Amino acid sequence: MEKNTLNFCYCFADSLNLHGDLGNVMAFEKVTKLLGADFNFRRINSFYDDFSFDGCDVLFFSPGELKTLITMASVLQPKKDMFEAFVNNGGMIIVVGTSIALFSKNIIRTDGKVYAGLDLVDVSIRERNVTYSNDEVFTADVFGEQMQIFGGQIQMADVLIHDENPLGEVSYGYGNSHKTDEGIIKDGFIFTNCLGPVFVKNPWFAAKIIMKILSDKGSDIDFVMPEFALEKQSNVRISDFIDLKIKKYDASRLEK
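Treat the numbers as computed from the prediction; the structure is a model and nothing was measured.

To find leftover empty space, one rolls a probe the size of a water molecule over the atoms. Tallied over the full model, the rule gives one cavity of 30 Å³ or more. In this structure, the largest cavity occupies an estimated 90 Å³ of space. Gly97, Thr98, Gln155, Ala157 and Asn193 are the residues nearest the centre of the largest cavity, which is lined by 13 residues in total. Here the lining of the largest cavity gets five residues from one element, more than from any other, and that element is strand S8 (residues 145–161). When grouped by side-chain class, the residues that make up the lining of the largest cavity number nine nonpolar, four polar and no charged.

Residues lying three or four places apart along an α-helix face the same way, a consequence of the helix completing one turn every 3.6 residues. Taking 1.5 Å per residue as the helical rise, helix H7 (residues 229–249) with its 21 residues ought to reach 30 Å, and the 30 Å between its terminal C-alpha atoms agrees with that figure. Taken residue by residue, H7 has Asn235, Ile238, Ile242 and Lys245 as its buried positions. Projection of H7 onto a plane perpendicular to its axis shows the buried side chains occupying an angular sector of 65°, all on one side. Exposed residues lying more than 90 degrees from the buried face of H7 are Leu230, Arg237, Lys247 and Lys248.

With glycine set apart, most residues show a phi of negative sign, and most peptide bonds adopt trans. For the bond running from glycine 196 to proline 197, omega is -10°, close enough to zero to count as cis. Within the secondary structure layout, proline 197 lies in the loop between strand S12 (189–192) and helix H5 (198–201). Phi at aspartate 119 takes a positive value of approximately 60°, unusual for a residue other than glycine. Take aspartate 119: it is sitting in the loop between strand S6 (114–116) and strand S7 (123–142). Taking relative accessible area as the criterion, aspartate 119 reaches 34% and is therefore assigned partly exposed. Its identity as a non-glycine residue notwithstanding, histidine 178 has a phi of 65°, on the positive side. With respect to the secondary-structure elements, histidine 178 resides in the loop between strand S9 (168–172) and strand S10 (181–182).

The first and last C-alpha atoms of helix H1 (residues 22–34) sit 19 Å apart over 13 residues, in line with the 18 Å expected at 1.5 Å per residue. Burial in H1 covers these residues: Gly23, Asn24, Val25, Ala27, Phe28, Val31 and Thr32.

Interaxial distance between H1 and helix H6 (residues 203–216) falls to 9 Å at its minimum, and their mutual angle equals 65°. H1 and H6 meet at a crossing whose hand is right-handed. Of H6, the residues touching H1 (which contributes Phe28, Val31 and Thr32) are Pro203, Ala206, Ala207, Ile209 and Ile210. Along the lines of polarity and charge, the residues of the contact of H1 with H6 split into seven nonpolar, one polar and no charged.

Conventions we followed
- Residues numbered from 1 in each chain as written.
- Predicted model: local features only at pLDDT ≥ 70, side-chain atom pairs only at ≥ 80, totals over all residues.
- Heavy atoms only, no water.
- 1 Å grid on protein atoms, 1.4 Å probe; cavity = no way out; pocket = protein on both sides within 12 Å on 5 of 7 lines; lining within 4 Å.
- Points joined across faces, edges and corners; volume = space filled by probe spheres on them.
- Helix = DSSP H or I, 4+ residues; strand = E, 2+ residues; numbered from the N terminus.
- Nonpolar A, V, L, I, M, F, W, Y, C, P; charged D, E, K, R; others polar.
- Expected span 1.5 Å × (residues − 1).
- Buried < 20%, exposed > 50% of the residue type's maximum accessible area, 1.4 Å probe, protein only.
- Arc of directions from axis to C-beta.
- Axes fitted to C-alpha atoms, helices over the stretch in contact; angles between N-to-C directions.
- Left-handed = near helix turned anticlockwise from the far one by under 90°.
- Contact = heavy atoms within 4.5 Å.

Take a look at the structure:
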């Protein structure tokens, strides 16, 4: 039944392939089926394609290069209304890593040049002179449930929030811009800097999003959060390793 099916669209996969992010897509498929729902997959290869979002529940954007995202934002400006309509009609956009630049107000390169994003979220993206790479741990309230998220960051640009709510609070790592805020959450939109792939390492994060989307569609599934024992055990080991780094190298916040 349609109300028990997650219609998932992997957007612009040929261009947004900076970290080989197919693992996150596979995680959504696996978790959807574990929850007792059906998974319908669609892929839009190129932002130059003639496409629509009809019938989609989720648009997923994996990380891409800033120069690619600048071109993408320019090409997609005439289709900005499509993205807005998708969210207004109950869809969910999920963005990982640098691809937040596509949806930003503007993108500031290291040479000072400024480029327009689609302006769907009130943030600016400022390219960094030096890429930051490390583990990341943050706590987030995901649709009423507190959860700890583990992953990594390869931070090529700072995410400067203006008037948006952070997804979570960083306990280790860099977050949006070396403060304590991580990601963005608002109606119809979730962004995280966290790689990993984040939804493979934290399947409860994917599960909560899936439950929310399907419940809003009127699903009659009695959702039960899976145990995810292996992933939890793995994150305990990562936490132990991070504690060791902090003790040995005072590495809680490596960049001043």
